Amino acid sequence: MRLRKIFAMVGAATVLGGCVLLYLVLDLTLLPSSNHNAPLTRETHSNSRWGKQFESSLEKLEGDIKRNQNKVQEIKHAIDTISNFVNQRTESKEIDSNKFQNNLERNLYAGDEAETCPATSAEADINMLDLYNSIPFDNADGGVWKQGWNIEYNKQQWGPRRKLRIFLIPHSHNDPGWLKTFEDYYHSQTQAILTNLVNKLSEDSRRKFIWAEVSYLMLWWSEQGQENKDKMRRLVESGQLEIVTGGWVMNDEANSHFWAVVQQLTEGHEWLMQHLGVRPKHAWAIDPFGHSATNAYLLKKSQIAASLIQRVHYSVKKRLAQDKGLEFRWRQGWSNDKSDMLTHMMPFYSYDVPHTCGPDPKVCCQFDFKRLPGYGVTCPWRISPQPITKDNVRQRAELLLDQYRKKAQLYRTNVLLVPLGDDFRYDHSAEWDAQFNNYQALFDHLNSRQDLYVEAQFATLNDYFSALKIEVGGEKRLPSLTGDFFTYADRDDHYWSGYFTSRPYYKRLDRVLIGYLRAAEVIFSLAWSHGKATSSNGSPWLLSPHAGLRNKLTIARQANALFQHHDGVTGTAKDHVMRDYGNKMIKAIDSVQHVIQMSAQYLLYNQANPELDPNDIYFHLDDTRPRTGALSKRNKITFGEGLDTRKVVLFNSLNRARTEFVRLRVANYNVMVTDLSHRPLPSQVQPLFDEMASMVDGEYELLFIATVPPLSLSTFLISWTSNADERAPLASVSLANHQGQHKLHSAEGFEQIGSLPEGQNIKVDSQQISAIFSSHGLLKSVSTQGITMTIKLEFVRYGAVEGRERSGAYLFLPDGPAKVIMLKQAPLVRVISGPVATQIEVQHPFVLHQATVYNCSGEVGSSIEMVNLVELVNGKNIEVAMRLTSDIESGDTYYTDLNAFQMIERRRQLHKLPLQAHYFPMSGMAYIEDSGIRLSVISGQPLGAASLSSGQLEIMQDRRLAQDDNRGLNQGVEDNHPTPNVFRLLLERKSCHSEQWPRSSLAAHLSHQSLLWPLVHLIAAGDPLVQLKGSFSPETSSECGLHVLNLRTSWLTERPRVGLVMHQLAWDECLPPPVGLSCTPRMSSMLNVSAVLPLSFGRQMQKSSLTFLHTGEHMPTNTNQSLCPNELAAFLLA
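All values derive from a computational prediction rather than experimental measurement.

Participant: Sorry, what's going on with the overall build of the protein here?
Facilitator: Counting secondary structure elements, the protein contains 21 helices and 50 strands. The buried share among the 1134 residues of the protein stands at 62%. Pairs at least 24 apart in sequence give 76% of the contacts found in the protein among residues at least 6 apart. As displayed, the protein has an accessible area near 42,400 Å², and 49% of this comes from carbon and sulfur atoms.

Here's what the structure looks like:
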């Protein structure tokens, strides 16, 4: 029955299309014939006012017919798919039509989950690891296409029924910050581009354009009157303008954390839906410096149907082009074809006009009509474009078509995508006229030539991918591919692995911001839902403009989203632009800290739904940042007369209980820490140092172990005491290698300073770890889980190769292998040891290194925490790395993460690839392993990482470079700031060999969460006797594996709703979980939202796309949902 209905629909659609086409043909006979000898301008398309009006109607009708034909083709393809399915099932007695229909609906909704979870690595036609093994990387000279070969073709491959269809896609790439700040670019160029866009596209319905950066759209929209807003809406509705990707920015894909990528996509998508009613369908990523499989997955989960990418290693492009594999289904290495993202890869060097029409840039440049004589821009090949006239159109069109035909040889179909644009193009109306009028003349000629078998038009990505899917006969006829596209090289040995580390201060600040922003999103949503559940009027104060919390959240969301730009978190913008990003992030941190403290007060207030003073400070957060470039300033807890006790509230934004260490600054060493029942907690007090041997007076550090339930606020008491038996134990302080070169000063309470024997190793023991450090204060070996492993830590440095091309913000071009940083004399080492932690600190050249072993169970006690305070503020062409050398027999294999979402295998191939090619982005962690042991490094900031020999991991810390690397920035990297790079080092025993895809251990996952989403410390600002509830602790489950990625209150609809994103962690079960976890270590393939969130969020929800634009039917929150390991799922809560 359903099949008959589909056939009937196709028949009706075909008849309707035929009738409309017949009507069109009859109407055309009434028009006067066109004057083919007239000058080739837009005015020749009509010769009267009536003609222009009729032409407009006719063009609209033609567009409707074309869209109708496309729909018919799509329906025909659907029938073919169904027929194939039926043929495959002929051996069955009957088809379960209900089940089949459900499967169709599920396939139409990409956000739904598979019924079975993949158990092993994905199979694919192209595996990037294997492809790298087979590519010679010989960099042979290919002629006019220098990185390719001389392309030839046979004209007979096209005919009346097999035409070459050319889709020319005009675009303008607008960086939200690079050489200028975001706002400066807008006022100097982007504002004019968008205004020209609505005016010039409106002049001719054949013109098309795509736009990517929603951040700029927001600025422009806020300044426009109703007329321009209506124009843009009409252009979007008609299909002349397509918003592609729809993110706030075109995000970096190497350094960005996947949480931040989702956040910036959501920010852009919500704005588009609110103002233009747009749900983006296709993605456009022409400028990120390498491409991540994680990005493809996040786009897929956001209901993006297809994507275009550009910056890929030139040798990879060449091989894929030789195999006609530049269009593929990008598959996750841990998933099945459900994750496939249809992807188009551009084949040539760049996305500018000279490198997009075909293989010969000298020819293509002649068709960039902004470079016409007198326009101020020229072609480097010294052959200028020519205005298209009736006298030269034949020759010029055939020259251009030759390039199109050659480019088409690199793809499997006769559907050809050709971009037309560059950075900040179309900012003058003259360029719009020059490009569109001249190309329209060329297209008119090409389309009129029946002997050429070509159809050319202006297009959007939607036009192209719709035609591609029809021509190829279904996406599944394209090859599948697994892997990623790092590390990018654009020519020679110029690998873009430097930006993985450039400007680490800002990279670390980014992670601090997303930690606070996620905490603010979660606690604000908890407060709003709690107020809504306990009040008939639904907590109006929290949402009111008077409270200002929504505005502060928006400021932080947009600042974080902006920095995900591929010249932001990458550290590849001008100095003043980086400072501007930093200022915005610091303002964002201040904003969300205010949201957190107000929401905490709201939840702990004894009165339901209180109206708080929005200007009041109820809690001080533990740290502040006075300015860009400064280190965090920790707030000190003070005591005074009548103020012997201070309240500290800890907020756990995770949906699992956690037991972790808390570090607070206190003004007195005679303190104790208890819970609200006055039970003392394991703790210690230790001194602070302003120089290596000089303690700070009047300020100490209090460490204690706290357990906080899921999604909860818990209060603890810090009290001054005169009773030495009650106070927290004082840590002992010992110095090694103190020979009088450092001034010795002790603080009150720590007058006794020990001395360690010269040249003797330092041993540290805890519940889970025994570690040995050298007399120079650096790690030598670790014993844990019944194994002992040599792990030698040292700092190394690289120089920059001599010559015209040298290391800069983008490129890493070292002058050879790294050299160990040698010390002229033994450094002073501080050993601070107490009952809950032992801390070793040593000053090495460029780095103050701190290693802490915590004496506790759980994930915190299973690792060694390391903080490298890097100060590379002097010197020239220095790149400093931390190297770990072990006895692990890892061979040529190592593993890095992609956007802290998934692990991916890397292979060392120094015999054919240079050292710099082996540095990869480490957004969250890296590891090496052999059959029995794994060594992981978990990072609190994105940096570059490599394994340059077996058993070794190397992590870049900072770079200071005196010159530009000729990639457009026109400056070096010399604005270095002191930066605390934070890590956890984890050694684990493997109990088996896993056949699954690469996965981190559960301990590594939890350690990463601890670094990225730490407990938020709120120090009560008021009278500790003021009656607040001691805790807010909703009833939820506490599973280690199910992670609430975000709880985001959204104003997308008239009434606010909370968007929930869940992540099912995937870990290697051959590595046992740490002993004494506070959560249940269970990896499930099922999700029950009602068990994860409190009932205050309601009992109904809708499954949605990742950015909440696409929603399904309402369902109870206790509905079991399939959620395979590593998958994300999103819901809108009622």
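Participant: Help me understand the sheet that holds strand 19 (residues 683-691) in this model?
Facilitator: Within a sheet, adjacent strands bond to each other through the backbone by hydrogen bonds, running parallel or antiparallel. Taking strand neighbours across the sheet as the criterion, the 4 strands line up as 15-17-20-19 in an open arrangement whose pairing is mixed. In this open sheet, the two strands that pair with only one neighbour each are strand 15 (636-637) and strand 19.

Participant: I keep staring at the environment of Y404 and nothing clicks. Help me out?
Facilitator: Among the secondary structure elements, Y404 is positioned in helix 12 (residues 393-408). On the accessibility criterion, Y404 (0% relative accessible area) is buried. Distance from Y404 to T356, taken between C-alpha atoms, is 9.3 Å for residues 48 residues apart in sequence. If sequence neighbours within four positions are ignored, Y404 has contacts with L164, I166, L168, C357, L416, V418, Y439 and F443.

Participant: Explanation requested: the nonpolar core in the structure shown.
Facilitator: In terms of nonpolar packing, the biggest core is built from 262 residues, with L197, Y404 and Y439 touching the most fellow members. For this core, the leading source of residues is helix 15 (residues 504-534), giving 16 residues. Core analysis: the second largest hydrophobic core is formed by 28 residues, Y700, V708, V733 and I1019 among them.

Participant: Whenever I open this one, unusual backbone geometry confuses me. Can you help?
Facilitator: Leave glycine aside and you will find that most residues have negative phi; peptide bonds, for their part, are mostly trans. Residue T487 is bonded to the preceding F486 through a cis peptide linkage, with omega at 0°. Assignment of secondary structure puts T487 in the loop between strand 11 (480-482) and helix 15. Of note, the phi angle at K324 is positive, near 50°, even though the residue is not glycine. With respect to the secondary-structure elements, K324 resides in the loop between helix 10 (314-322) and strand 7 (327-331). You will see that R382, though not glycine, has its phi angle at about 65°, which is positive.

Participant: I'm lost on helix 17 (residues 549-563) in this one. Help?
Facilitator: Given 3.6 residues to a turn, an α-helix orients residues that are three or four positions apart in the same direction. Given a rise of 1.5 Å per residue, 15 residues ought to cover 21 Å, and the 22 Å separating the end C-alpha atoms of helix 17 matches this to within 8%. L549, L553, A556, R557, A559, N560, A561, L562 and F563 are the residues of helix 17 that are buried.

Participant: Explain the side chain of T266 to me, please; I cannot follow it from the model alone.
Facilitator: Turning to its location among the elements, T266 is positioned in helix 8 (residues 258-276). Looking at T266, its side chain comes within polar contact range of the main-chain oxygen of V262, at 2.7 Å. If near-sequence neighbours (up to four positions away) are discounted, T266 is found in contact with R1048, L1106, T1107 and F1108.

Participant: Looking at this structure, I do not really get the state of the cysteines. What am I missing?
Facilitator: Think of a disulfide as a covalent bridge from one cysteine sulfur atom to another cysteine sulfur atom. This model, assessed by the stated rule, comprises 5 disulfides. Bridging C357 to C364, the disulfide has an S-S length of 2.0 Å. Between C357 and C364, the S-S torsion sits near -90°, and that sign places the bridge as left-handed. Among the residues examined, C364 registers a relative accessible area of 0% and is labelled buried. Across a sulfur-sulfur distance of 2.0 Å, C365 and C379 are joined as a disulfide pair. Judged by the torsion about the S-S bond (-105°), the C365/C379 disulfide is left-handed.

Participant: Help me understand the sheet that holds strand 29 (residues 829-833) in this model?
Facilitator: One open sheet holds the 11 strands; their spatial order is 23-22-29-30-31-32-41-38-37-34-35, and the pairing between them is mixed. Every interior strand has two partners, whereas the edge strands, strand 23 (753-756) and strand 35 (902-907), have only one. Each neighbouring strand pair of the sheet contributes to a mean axis angle of 20°, computed without reference to strand direction. As paired strands, strand 37 (residues 925-929) and strand 38 (residues 933-939) are joined by 5 bridges and run antiparallel to one another.

Participant: Is there a simple way to think about the pattern of salt bridges in this case?
Facilitator: Any two side chains of opposite charge can pair, so long as their charged atoms come close to each other. Throughout the structure, instances matching the rule amount to 57 salt bridges. Between R206 and D204 there is a salt bridge, with the nearest N and O atoms lying 2.8 Å from each other. Residue class for R206 comes out partly exposed when judged on its relative accessible area of 22%. The buried category is assigned to D204, whose relative accessible area is 4%. Ionic pairing is found between R656 and E859, a salt bridge with its closest N-O pair at 3.4 Å.

Participant: Could you clarify how one ought to interpret the environment of K636 in this entry?
Facilitator: Tracing the sequence through the fold places K636 in strand 15. Between the C-alpha atom of K636 and that of Y700, which follows or precedes it by 64 residues, the distance is 8.8 Å. Contacts of K636, omitting those with residues within four sequence positions, involve R665, V666, A667, G698 and E699.

Participant: What exactly am I supposed to notice about the pairing of strand 34 (residues 893-898) here?
Facilitator: Successive side chains on a regular strand alternate, one facing one side of the sheet and the next facing the other. Most of strand 34 sits inside the fold, with 5 of its 6 residues counted as buried. Looking at chain direction, strand 34 and strand 35 are connected through 6 bridges and run antiparallel. Bridge assignment links Y895 to a residue of strand 35, and that residue is E905. The antiparallel hairpin formed by strand 34 and strand 35 contains 3 residues in its connecting segment, where N899 sits at a positive phi of about 60°. Sheet topology note: the strand 34/strand 37 ladder contains 2 bridges and is antiparallel. Each bridged residue has a counterpart across the sheet, and for Y895 the counterpart in strand 37 is Y927.

Participant: How should I be thinking about the pairing of strand 50 (residues 1128-1133) in this particular structure?
Facilitator: The buried fraction of strand 50 amounts to 6 of the 6 residues, a majority that puts the element mostly inside the structure. Residues of strand 50 alternate between two faces, with L1128, A1130 and L1132 on one and A1129, F1131 and L1133 on the opposite face, all of them buried. With 6 bridges joining them, strand 45 (residues 1057-1064) and strand 50 adopt antiparallel strand pairing. Bridge assignment links L1060 to a residue of strand 50, and that residue is F1131. Sheet topology note: the strand 47 (residues 1100-1104)/strand 50 ladder contains 4 bridges and is antiparallel. Across the sheet, the residue bridging to S1104 is A1130, located in strand 50.

Participant: Is there a simple way to explain the confidence of the model for the protein in this structure?
Facilitator: For any part of a model where pLDDT is low, the fine detail of the predicted coordinates should not be relied upon. Across the protein, the average pLDDT comes to 90, with 89% of residues at or above 70. Confidence drops under a pLDDT of 50 for residues 1-7, and excluding neighbours within four residues, the segment shows 9 contacts in the predicted structure. Contacts from residues 70-114, a stretch scored under 50 in pLDDT, to residues over four places away or in other chains number 52 contacts.

Participant: So what exactly am I meant to see when it comes to the packing of aromatic side chains here?
Facilitator: Pairs of aromatic rings are described using the distance from one ring centre to the other and the angle between the two planes. What the rule picks out here adds up to 46 aromatic pairs. Look at F328 and F485: their rings are 6.0 Å apart centre to centre, the planes differ by 45°, and that puts the pair in the tilted class. Of this pair, F328 sits in strand 7 while F485 sits in the loop between strand 11 and helix 15; the two residues are 157 residues apart in sequence, bridging distant segments of the chain. Like F485, F328 is buried. Put simply, the rings of F209, F367, F369, Y426, W432, F436, Y439, F443 and F458 pair up and form one aromatic cluster. For R934, the ring lying beneath its charged end belongs to Y927, and the centroid distance is 3.8 Å. Seen from the ring of W997, R999 lies directly overhead, with NZ or CZ sitting 3.7 Å from the centre.

How each quantity is defined
Residues numbered from 1 in each chain as written. Predicted model: local features only at pLDDT ≥ 70, side-chain atom pairs only at ≥ 80, totals over all residues. Heavy atoms only, no water. Helix = DSSP H or I, 4+ residues; strand = E, 2+ residues; numbered from the N terminus. Buried < 20%, exposed > 50% of the residue type's maximum accessible area, 1.4 Å probe, protein only. Contact = heavy atoms within 4.5 Å. Areas by Shrake-Rupley, 256 points an atom, 1.4 Å probe, with all protein chains shown as cover. Pairing = 2+ DSSP bridges. Core = buried A, V, L, I, M, F, W, Y, C linked by side-chain atoms within 4.5 Å. Expected span 1.5 Å × (residues − 1). Polar contact = N/O pair within 3.5 Å; in protein donor to acceptor, adjacent residues only side chain to side chain. Disulfide = S-S within 2.5 Å. Axes fitted to C-alpha atoms, helices over the stretch in contact; angles between N-to-C directions. Salt bridge = Lys/Arg side-chain N within 4 Å of Asp/Glu carboxyl O. pLDDT = per-residue confidence, 0-100. Phe/Tyr/Trp six-rings, centres within 6.5 Å; stacked < 30°, edge-to-face > 60°. Lys NZ or Arg CZ within 6 Å of the ring centre and 35° of its normal.

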